[in-house]
2 protein chains.
Amino acid sequence: MTAQDQLTVGTAELEELAARLSPGALTTDPDVIDAHSSDEALFCPREGAIALVRATSAEEVQEVMRFATEHRTPVVPQGARSGISGGANGSPGAILLNVSKMKDVVRVNEAERLVTVQPGIINQDLKDHLAPFGLSYPPDPGSVALSSIGGNIATNAGGLCCVKYGVTRDYVRSLKVVLADGTLTTLGPETAKGVAGLDMRHLFIGSEGTLGIVVEVTLRLIPALPDPFTAIATFPDERSGLQTVADFMAIGGEPSLLEFLDGSSLKMLNAYGDFGLDSDAGSMLIMQVDRNPADSEAEMSRFAEVAGRCGALDVAYSDDPTDSAALIAARRMIQPAYEKFAHSHGGGQLLDDVCVPRTAVPEFYDHLKRLQKSSGLEIALVAHAGDGNTHPSVFFDAGDAEEVAMAEEVFAEIMRVGLELGGTITGEHGVGYLKKDWLPHELDEGSRRIQVAVKNALDPLGILNPGKMLDAL
Amino acid sequence: MTAQDQLTVGTAELEELAARLSPGALTTDPDVIDAHSSDEALFCPREGAIALVRATSAEEVQEVMRFATEHRTPVVPQGARSGISGGANGSPGAILLNVSKMKDVVRVNEAERLVTVQPGIINQDLKDHLAPFGLSYPPDPGSVALSSIGGNIATNAGGLCCVKYGVTRDYVRSLKVVLADGTLTTLGPETAKGVAGLDMRHLFIGSEGTLGIVVEVTLRLIPALPDPFTAIATFPDERSGLQTVADFMAIGGEPSLLEFLDGSSLKMLNAYGDFGLDSDAGSMLIMQVDRNPADSEAEMSRFAEVAGRCGALDVAYSDDPTDSAALIAARRMIQPAYEKFAHSHGGGQLLDDVCVPRTAVPEFYDHLKRLQKSSGLEIALVAHAGDGNTHPSVFFDAGDAEEVAMAEEVFAEIMRVGLELGGTITGEHGVGYLKKDWLPHELDEGSRRIQVAVKNALDPLGILNPGKMLDAL
């Protein structure tokens, strides 16, 4: 659809829609719209939305999509707006369709180890709800306390536990979805296996609101995770830490978590709060194993041995859940710590999400160091290292046009290096607006062509989150 | 595409195609075509193919698809033809495009735990190839010794280990696929995580050759599986065995395999060979755990306790790999045992593949018993019980039209019951020809509509495996 095809929606039409929704669900207040027009991404367009609907039911989502189809109105599906690729940002003439009020746990099925929820529920709230049942929903993006399950599905979110427990996709059994024309459909049976027809549920996972709107989801659960053993290893430099990861995984290491923090990240964390971390270390690894005590202990020794061989300054481990929780809490403070650092250094931070083959991470890091040197910008790195999923941050003075341009160039160069090493431009954050121009660098022409064909087949009017992720070829 | 749109392909055109392929790759010999026109399914159309191409490279697959697009010729992708839904069967005017000669291991990447193979490699051959590396590819359909990885991807095959290790989908990292027009494209990065764009690789998995032809695949591997502990429990009847499964899973049991055989299956197995099984038992469970010895032993006790409470006649277990292998080998003999029984009872066997919530299996079984009584036909059941994936077989006299009709009716009724219990018509075998008419009973109109839209978007001429899985609405 081109811009010319878009019909003009005026106050009268929006009032008509409002009348079909619960009182107050639709607002055209410019301030409220503005406040809901962006997620956490930088440098992404956000202007032009004409209304915000806070849906309270699948029926309301259907009403909005019927209206949108009738009037060819763009719709931006939103949840907690904690994304960092601009996927939930406003766009010209669009209705922001926010589902964060739809946050109920519909049912817990203990015998089948399933939970059915609305999309707006926050990931951590779901985890807390399940704890009394002795059940666990593993996926734990860094934003676990902020992001909603609907958003996690939209980006196929990962997190810290992926190295053992996989990503959001691995836990989705069944989706209820509202299509572009307002049709409500169920995708996937709730059974452990099922192959009847093309698997639309897997197509929708990671589709960033471009194919339809998830209004209910049934997730597979596992028995409550046992308390982990946690090892912490410090290194004189980054490369020795990263080499430890590569070597440990190559000998068959099976951590349930394996996080890397470089020296810059450690310094920023220490400047943010007292977590008892060695601020002089060149890098740090946090490694967890959550098997039985004997196996966990054996794995700790194996890890300590590899780390020692790679030149670790210190390796310690603990089976105390409080220690473990404190360490992971410190790791989760990295983004606020980055923000504090950015705040006192001109305000700018670009967070990347390049995933490379895990053996390529040391080489990837060497490139980062070179980029830091050539650009003069501070670059810090945390990584879900066991998966090769890196999150470099580029810091810059947001008020200095030259630095901004340089930061964007470095950000792009990081993706280019990732691709050269056999990686992807986004491991778990999604494409949104932020990386749209980079998609053709990763995906060949045939792959993009069928993606566009699928998008057009499901959203022929181009009203679902237009301008995000995919452009027409 | 309607039949009228199909252009007529004559000998001259096929000779032109043959000239573009390696010598002997294309044949129009009617006997050879006939011998390649079906998989293992009964009651499915198979007539009308005009040529067989035994492709030896991705380039040859591309040549065939370019030709097919130019001439609007249907193409039936084939591998080992071990499927049981007719997905690989011939169809009118079609070229059978067989990739079973493309069976190389392209590379093993030990450090990343990945293997890249051509689609024709047999699942067991891949497993054998990986053993010396200390690596394992878990998915193990019953047909592990016969079926190819390409076919496993086409149906998202499962198997015995799924209850712990998941299905084919869970191990696919990257696919090289030839599209309807002959374009070669790569779907998915090889990295542990990756969310750049719509996930076409997951769309292709389970698509039964209707969207394109897989010519190379990179699979995720895991460290070699440890030797399991194996428990065997016998019961006076079926319900007590099935109740054991439901109860054991409900208390958080975590088997790596949990197979159920009913009394009829046991009798047929014993008539087929001497596996040392109790032929008088009403049912049997085989349960494996492959953790460390202490945990495995504890899980065995937990299982024995549950089985005892449910009325088991006997529970025994062993940590001897030879015993385990023998038991699983016996379980894998069930299909030949069924065939022997069928052979002496009129020749007919319809094998179903209904997956239900695992707590619903006992109720499902009661329905089977009623059906057996009302139809007078023998029905036997094996099940990947830990997943609720059941394989009832209906036996009948293939020469007796009335019995054939009755068997087809029972087969359908089994699917109907499965759907009523919240299940699916196919857990792992696929739809093919066999269950095509049943798809509308499982999938709502919206779901079917978007599936057809996706199919048309990727295969606008309708040349890829036409008549299988999906019909236009």
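Since this is a predicted model, take the numbers as computed values, not measurements.

Peer 1: Explain the overall build of chain A here, please?
Peer 2: Helix and strand content of chain A: 16 helices and 19 strands. What you see for chain A is a C-alpha radius of gyration of 23 Å, in line with the 23 Å of a compact globule of 473 residues. The 473 residues of chain A split such that 60% are buried. In chain A, the share of contacts with a sequence separation of at least 24, taken over all contacts with a separation of at least 6, comes to 71%. Total accessible area computed for chain A in this model is approximately 16,800 Å², and 50% of it derives from carbon and sulfur atoms. In chain A, the 37 positive side-chain charges and the 67 negative ones have mean positions that sit 5 Å from each other.

Peer 1: Help me understand the side chain of A:Thr244 in this model?
Peer 2: Relative to the helices and strands, A:Thr244 is located in helix H8 (residues 238-250). For A:Thr244, the contacting residues outside a window of four places in its chain are A:Phe235, A:Leu285, A:Phe303, A:Val306, A:Ala307 and A:Cys310.

Peer 1: Help me understand the interface of chain A and chain B, please; the structure alone is not making it clear to me.
Peer 2: Put simply, an interface is often sized by how much accessible area is lost when its parts join up. Contacts between the two partners involve 79 residues from chain A and, on the opposite side, 79 residues from chain B. Contact between chain A and chain B buries roughly 5,500 Å² in total, counting both sides, with carbon and sulfur atoms accounting for 60%. Looking at the side of chain A facing chain B, the largest losses of area belong to A:Lys193, A:Val195 and A:Leu198, adding up to 16% of the total buried there. Across the chain A-chain B interface, the total number found is six salt bridges. B:Lys193 is the partner of A:Glu428 in a salt bridge, and the nearest nitrogen-oxygen pair spans 2.8 Å. Where chain A touches chain B, the interface holds 38 residue pairs in polar contact (both at pLDDT 80 or more). Elements with a contribution of two residues or more to the side of chain A that touches chain B: strand S9 (184-187), helix H7 (200-204), helix H15 (439-442) and helix H16 (445-458) of chain A. No other element matches H16(A), which puts 10 residues into the side of chain A that touches chain B.

Peer 1: Honestly, the environment of A:Leu258 in this entry has me stumped. Any pointers?
Peer 2: Residues and elements named next belong to chain A. Positionally, Leu258 belongs in strand S13 (residues 257-262). As for Leu258 and Leu285, which are separated by 27 residues in sequence, their C-alpha atoms are 6.9 Å apart. In this structure, Leu258 is in contact with Val163, Val245, Phe248, Met249, Leu285, Ile286, Met287, Phe303, Ala383, His384, Ala385 and Gly386, ignoring residues within four places of it in sequence.

Peer 1: How should I be thinking about the domain arrangement of chain A in this particular structure?
Peer 2: Residue and element names in this part refer to chain A. Here chain A is described as being made up of domain 1 (105-223) and domain 2 (229-420). Centre-to-centre separation of domain 1 and domain 2, based on C-alpha positions: 28 Å. Every contact between the two is made by 11 residues of domain 1 and, on the other side, 14 residues of domain 2. Interface of domain 1 and domain 2: buried area, both sides summed, is about 900 Å²; carbon and sulfur atoms make up 54% of it.

Peer 1: Quick question: what am I supposed to make of the relation of the copies chain A and chain B here?
Peer 2: To go from the first copy of the chain to the second, apply a rotation about an axis and then a shift along the same axis. For the pair chain A and chain B, the superposition axis carries a translation of 0.0 Å, the fit reaches an RMSD of 0.0 Å, and the rotation angle comes to 180°. The symmetry that links the two subunits is that of a two-fold axis. Taken as a fraction of all interface residues of chain A, those also at the interface in chain B reach 100%, which identifies the copy contact as same-surface.

Peer 1: Which parts of the structure should I look at to understand the packing of aromatic side chains?
Peer 2: Each aromatic ring pair is specified by the distance between its two centres and by the angle formed by the two planes. Residue and element names in this part refer to chain A. Under the criterion given, the structure shown has 14 aromatic pairs over all chains. Measuring from centroid to centroid gives 5.3 Å for Phe248 and Phe303, while their planes differ by 80°, and the two rings are edge-to-face. With a gap of 55 residues between them, Phe248 in helix H8 and Phe303 in helix H10 (residues 293-309) connect regions that are remote in the sequence. An aromatic cluster is present here, built from Tyr338, Phe341 and Phe395 joined pairwise through their rings.

Peer 1: Explain the nonpolar core to me, please; I cannot follow it from the model alone.
Peer 2: Most often, soluble globular proteins keep nonpolar side chains buried together rather than apart. A:Leu175 and B:Leu175 are the most contacted members of the largest nonpolar core, which totals 176 residues. Every residue in contact with B:Leu175, bar those within four places of it in the chain, is listed here: B:Ile153, B:Thr185, B:Thr186, B:Leu187, B:Arg201, B:Phe204, B:Ile205, B:Val214, B:Glu216 and B:Val217.

Peer 1: Which parts of the structure should I look at to understand the sheet that holds strand S5 (residues 105-109) of chain A?
Peer 2: Strands in a sheet are paired, the pairing made by backbone hydrogen bonds, and the direction either parallel or antiparallel. Residue and element names in this part refer to chain A. The strand order across the open sheet built from five strands is S5-S6-S10-S8-S9, with neighbouring strands paired in antiparallel fashion. Sheet topology places S5 and S9 at the edges, where each strand pairs with a single neighbour. Strand-to-strand twist in this sheet, taken as the mean axis angle between neighbours without regard to direction, amounts to 10°. One ladder, built from four bridges, connects strand S8 (residues 172-178) with S9; its direction is antiparallel. Residue Leu175 lies in a different strand from S9, and its bridge partner there is Leu187.

Peer 1: Which parts of the structure should I look at to understand unusual backbone geometry?
Peer 2: Peptide bonds are, in most cases, trans, and in most cases residues other than glycine have a negative phi. Residue and element names in this part refer to chain B. Even without being a glycine, Arg113 presents a positive backbone phi close to 55°. With respect to the helices and strands, Arg113 occurs in the loop between strand S5 (105-109) and strand S6 (114-117). When its relative accessible area of 10% is taken as the criterion, Arg113 is described as buried. The phi torsion at Asn465 lies on the positive side, around 45°, for a residue other than glycine. Summarising the element assignment, Asn465 is placed in the segment after helix H16 (445-458).

Peer 1: Got a minute to help me understand the environment of A:Gly188 in this structure?
Peer 2: All names here are of chain A. As for its placement among the helices and strands, Gly188 is situated in the loop between S9 and H7. What makes Gly188 partly exposed here is its relative accessible area of 24%. Note: C-alpha distance between Gly188 and Lys176 (12 residues apart in sequence) is 8.9 Å. Residue contacts for Gly188: discarding those within four places in its chain leaves Arg173, Ser174 and Arg201.

Peer 1: Help me understand the side chain of A:Thr390 in this model?
Peer 2: Residue and element names in this part refer to chain A. Within the secondary structure, Thr390 is located in strand S19 (residues 389-397). Looking at Thr390, the relative accessible area reads 0%, which means it is buried. What Thr390 contacts, discounting residues up to four positions off in sequence, is Asp352, Asp353, Val354, Val361, Phe364, Leu381, Val382 and Ala383.

Peer 1: What should I look at first to understand the state of the cysteines in this one?
Peer 2: Among covalent bonds in proteins, the disulfide is the one between the sulfur atoms of two cysteines. Residue and element names in this part refer to chain A. Taken as a whole and judged by the stated rule, the model has zero disulfides over all chains. Free cysteine: Cys161, not disulfide-bonded; nearest cysteine sulfur from Cys162 at 5.2 Å. By relative accessible area, Cys161 is classed as buried at 8%.

Peer 1: Got a minute to help me understand the packing of helix H8 (residues 238-250) of chain B against helix H10 (residues 293-309) of chain B in this structure?
Peer 2: Two measures define how a pair of helices packs: the angle their axes make with one another and the distance between the axes. Residues and elements named next belong to chain B. Here H8 crosses H10 at 130°, and the two axes come no closer than 9 Å. Relative to H10, H8 is oriented oblique. Both H8 and H10 take part in a crossing whose hand is right-handed. Every residue of H10 that contacts H8 at Thr244, Asp247 and Phe248 is listed here: Glu299, Arg302, Phe303, Val306 and Ala307.

Peer 1: Looking at this structure, how should I read the pattern of salt bridges?
Peer 2: Side-chain pairs of opposite charge can arise where the charged atoms are in close proximity. Residues and elements named next belong to chain A. Scanning the model with the defined rule gives 46 salt bridges over all chains in all. Of the charged contacts, one joins Glu190 and Arg107 as a salt bridge, the two residues approaching to 3.7 Å between their closest N and O atoms. Here Arg107 lies in strand S5 and Glu190 lies in the loop between S9 and H7, a separation of 83 residues in the sequence. Since its relative accessible area comes to 41%, Arg107 is described here as partly exposed. Linked through salt bridges whose partners overlap, the residues forming this network are Glu16, Arg20, Glu63 and Arg66.

Peer 1: What is the right way to read the confidence of the model for chain A from this model?
Peer 2: The predicted coordinates of low-pLDDT regions are not to be read in fine detail. A residue-level look at chain A finds 98% of positions with pLDDT of 70 or above and a mean pLDDT of 95. Interface confidence for the predicted complex, given as ipTM, is 0.96, next to a pTM of 0.96.

Peer 1: Explain the sheet that holds strand S8 (residues 172-178) of chain B here, please?
Peer 2: Residues and elements named next belong to chain B. Reading across the sheet, the five strands line up as S5-S6-S10-S8-S9 and stay open at both edges, with antiparallel pairing between neighbours. Two strands bound the open sheet, and with one partner strand each, they are S5 and strand S9 (184-187). Sheet twist, expressed as the mean angle between neighbouring strand axes with direction ignored, is 10°.

Peer 1: I keep staring at H10(A) and nothing clicks. Help me out?
Peer 2: An α-helix turns once per 3.6 residues; consequently, residues spaced three or four apart project the same way. Residue and element names in this part refer to chain A. Its 17 residues give H10 an end-to-end C-alpha distance of 24 Å, which sits within 8% of 24 Å, the value for a rise of 1.5 Å per residue. Along H10, the positions that sit buried rather than exposed are Ser296, Glu299, Met300, Phe303, Val306 and Ala307. Angularly, the buried residues of H10 cover 130° about the axis, an arc narrow enough to put them on a single face. Opposite its buried face, H10 presents the exposed residues Ala294, Glu305 and Arg309, each directed more than 90 degrees away. Next to the buried residues of H10 lie strand S12 (229-235), H8, S13, strand S14 (283-289) and strand S15 (314-318). Where H10 ends, the next residue or the one after it, Gly311, has phi of about 100°, a positive value.

Reading guide: rules and limits
- Residues numbered from 1 in each chain as written.
- Chains lettered and ligands numbered in written order.
- Predicted model: local features only at pLDDT ≥ 70, side-chain atom pairs only at ≥ 80, totals over all residues.
- Heavy atoms only, no water.
- Helix = DSSP H or I, 4+ residues; strand = E, 2+ residues; numbered from the N terminus.
- Rg over C-alpha atoms; globule rule 2.2 N^0.38 Å.
- Buried < 20%, exposed > 50% of the residue type's maximum accessible area, 1.4 Å probe, protein only.
- Contact = heavy atoms within 4.5 Å.
- Areas by Shrake-Rupley, 256 points an atom, 1.4 Å probe, with all protein chains shown as cover.
- Lys, Arg positive; Asp, Glu negative; His and termini not counted.
- Charge placed at Lys NZ, Arg CZ, Asp CG, Glu CD.
- Buried area = accessible area lost by both parts, 1.4 Å probe.
- Salt bridge = Lys/Arg side-chain N within 4 Å of Asp/Glu carboxyl O.
- Polar contact = N/O pair within 3.5 Å; in protein donor to acceptor, adjacent residues only side chain to side chain.
- Domains from an automatic or database assignment.
- Least-squares fit on C-alpha atoms with pLDDT ≥ 70 in both.
- Phe/Tyr/Trp six-rings, centres within 6.5 Å; stacked < 30°, edge-to-face > 60°.
- Core = buried A, V, L, I, M, F, W, Y, C linked by side-chain atoms within 4.5 Å.
- Pairing = 2+ DSSP bridges.
- Axes fitted to C-alpha atoms, helices over the stretch in contact; angles between N-to-C directions.
- Disulfide = S-S within 2.5 Å.
- Parallel < 35°, antiparallel > 145°, perpendicular 65-115°, else oblique.
- Left-handed = near helix turned anticlockwise from the far one by under 90°.
- pLDDT = per-residue confidence, 0-100.
- Expected span 1.5 Å × (residues − 1).
- Arc of directions from axis to C-beta.

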